[in-house]
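Chain residues, written in single-letter form:
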Amino acid sequence: MAAESSAPPVVVIAVDGAAASGKGTLARWLARHFGYAHLDTGLLYRATGLALIRAGKSPDDETAAIEAAGGLDPSALDDAALRGEEVAAAASTVAAIPGVRAALLGFQRRFAAAPPGGKPGAVLDGRDIGTVICPDATHKIFVEASIEVRAARRVKELRESGADAIHARVLRDMKARDARDRHRSVAPLTKASDAFLLDTTELDADGVFAAALDFIMSRTPSGV
Ligand code: CDP
């Protein structure tokens, strides 16, 4: 009889939500709390968008976008330029191209199945983690907040990073990006039916973390 593997299954926490909903901070804090690996999947789309901008190509250029996504080097995810709003807009354009999503799928699934550093779990944050990338995730959290609060958070973040940010413009760009992300034909931003809905409009980062932890512990009291 074949010996059964004794390795415990990897715990996967999927955190999805719109721009500046608070999902990134929550995912980082959860990963730190549990000692899990963290992947900000938005960086993959941002790096693809940035590669096109740097090559002087349009983010609508499907062939170039698929090639850029397929050739991404993980070191590209550390580039500080990824944080800008022009890159965010390019990211959401390339993210609507099915071939780009297909090119990035394997990397994300491998990260979840075998987290780097032999960690016992992985936290992935994005738009489609609970619906497409890891439909069998151990825990799924869908984070949302009003558009006004999200735009104000993004303005604060941008200003803290030294960038110029005009509220009305950030709000306008965020609305356009929300619309693209929610209405695209592949992997649109939507809550998985089995995800916990966490509205962060009235919560600070500590409150968001506490609510998410309550949810996780209520399902698996022994931890995760
Ligand atoms: O930080 P923010 O929430 O503003 O954006 P992000 O998570 O870095 O994602 C940038 C863009 O990448 C989003 O607007 C989406 O269009 C796309 N994205 C996606 O399609 N799927 C993901 N899993 C993550 C990001």
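Residues numbered from 1 in each chain as written. Predicted model: local features only at pLDDT ≥ 70, side-chain atom pairs only at ≥ 80, totals over all residues. Heavy atoms only, no water.

> Which residues make up helix H3 (residues 62–70), and what values go with them?
All of the buried residues along H3 are Ala 64, Ala 65, Ala 68 and Ala 69. Taken around the axis of H3, the buried residues stretch over an arc of 130 degrees, which confines them to a single face. Opposite its buried face, H3 presents the exposed residues Thr 63, Glu 67 and Gly 70, each directed more than 90 degrees away. Looking at the buried positions of H3, the neighbouring elements they touch are helix H2 (42–54), helix H4 (85–94) and helix H5 (98–113). (Buried < 20%, exposed > 50% of the residue type's maximum accessible area, 1.4 Å probe, protein only. Helix = DSSP H or I, 4+ residues; strand = E, 2+ residues; numbered from the N terminus. Arc of directions from axis to C-beta. Contact = heavy atoms within 4.5 Å.)

> Provide a residue-level description of the site of the ligand, including the pertinent values.
Taken together, 18 residues lie near the ligand, and Lys 23, Arg 46, Arg 154, Arg 177 and Asp 181 sit nearest. Here a nitrogen atom of the ligand and a side-chain polar atom of Thr 41 are 2.9 Å apart. Listing elements by their share of the shell around the ligand, those giving two or more residues are H2, H4 and helix H8 (167–183). If you tally residues by element for the shell around the ligand, the top one is H2, at three residues. Here the shell around the ligand is built from residues that sort into five nonpolar, four polar and nine charged. (Near = heavy atom within 4 Å. Polar contact = N/O pair within 3.5 Å; in protein donor to acceptor, adjacent residues only side chain to side chain. Nonpolar A, V, L, I, M, F, W, Y, C, P; charged D, E, K, R; others polar.)

> Lay out the pattern of salt bridges with the relevant residues and their values.
By the definition in use, this model includes 12 salt bridges. The closest approach of N and O atoms between Asp 181 and Arg 127, which form a salt bridge, is 3.3 Å. Residue Asp 181 is located in helix H8, and its partner Arg 127 is located in the loop between strand E3 (121–126) and helix H6 (129–133); the two are separated by 54 residues in the primary sequence. Using a relative accessible area of 4% as the deciding quantity, one classes Asp 181 as buried. For the salt bridge of Asp 178 with Arg 150, the shortest nitrogen-to-oxygen distance reads 2.5 Å. One end of the pair, Asp 178, is in helix H8; the other, Arg 150, is in helix H7 (residues 147–160), and 28 residues separate them in sequence. The class for Asp 178 is buried, based on a relative accessible area of 8%. (Salt bridge = Lys/Arg side-chain N within 4 Å of Asp/Glu carboxyl O.)

> Summarise the sheet that holds E3; cite the residues concerned and give the values.
Spatial ordering of the open sheet is given by E2-E3-E1-E4-E5, a layout of five strands whose pairing is parallel. Only two strands of the sheet have a single partner each, and these edge strands are strand E2 (37–40) and strand E5 (196–199). Here the strands of the sheet are splayed against their neighbours by 20 degrees on average, with no regard to which way each runs. Pairing geometry for E2 and E3, over four bridges, is parallel. Counterpart to Asp 40 in the pairing with E3 is Asp 125. (Pairing = 2+ DSSP bridges. Axes fitted to C-alpha atoms, helices over the stretch in contact; angles between N-to-C directions.)

> How would you sum up the packing of aromatic side chains? Please name residues and give values.
Per the stated rule, a full pass over the model turns up three aromatic pairs. Ring centres of Phe 196 and Phe 215 lie 4.5 Å apart, and the angle between their planes is 5 degrees; this geometry places the pair in the stacked category. Taken together, the residues span a long stretch of sequence, with Phe 196 in strand E5 and Phe 215 in helix H9 (residues 205–219) at a distance of 19 residues. (Phe/Tyr/Trp six-rings, centres within 6.5 Å; stacked < 30°, edge-to-face > 60°.)

> Hey, could you go over the packing of H2 against H4 for me, with residue numbers and the actual values?
One way to put it is that H2 packs onto H4 with a least axis distance of 7 Å and a crossing angle of 105 degrees. One way to sum up the angle between H2 and H4 is to call them roughly perpendicular. Within the contact between the two elements, H2 uses Tyr 45, Arg 46, Thr 48, Gly 49, Leu 50, Leu 52 and Ile 53 and H4 uses Glu 86, Val 87, Ala 88, Ala 90, Ala 91 and Val 94. The residue makeup of the contact of H2 with H4, split by class, is nine nonpolar, two polar and two charged. (Parallel < 35°, antiparallel > 145°, perpendicular 65-115°, else oblique.)

> Just give me the short version of the packing of H4 against H8, but keep the residues and values in it.
Following both chains from N to C, one finds H4 and H8 inclined at 20 degrees, their axes separated by 9 Å at the closest point. Overall, the two elements H4 and H8 adopt an arrangement that is roughly parallel. Judged by the twist between their axes, the crossing of H4 over H8 is left-handed. Across the interface between the two elements, Glu 85, Ala 88, Ala 89, Ser 92 and Thr 93 from H4 touch Arg 177, Arg 180 and Asp 181 from H8. Tallied by class, the residues present in the contact of H4 with H8 amount to two nonpolar, two polar and four charged. (Left-handed = near helix turned anticlockwise from the far one by under 90°.)

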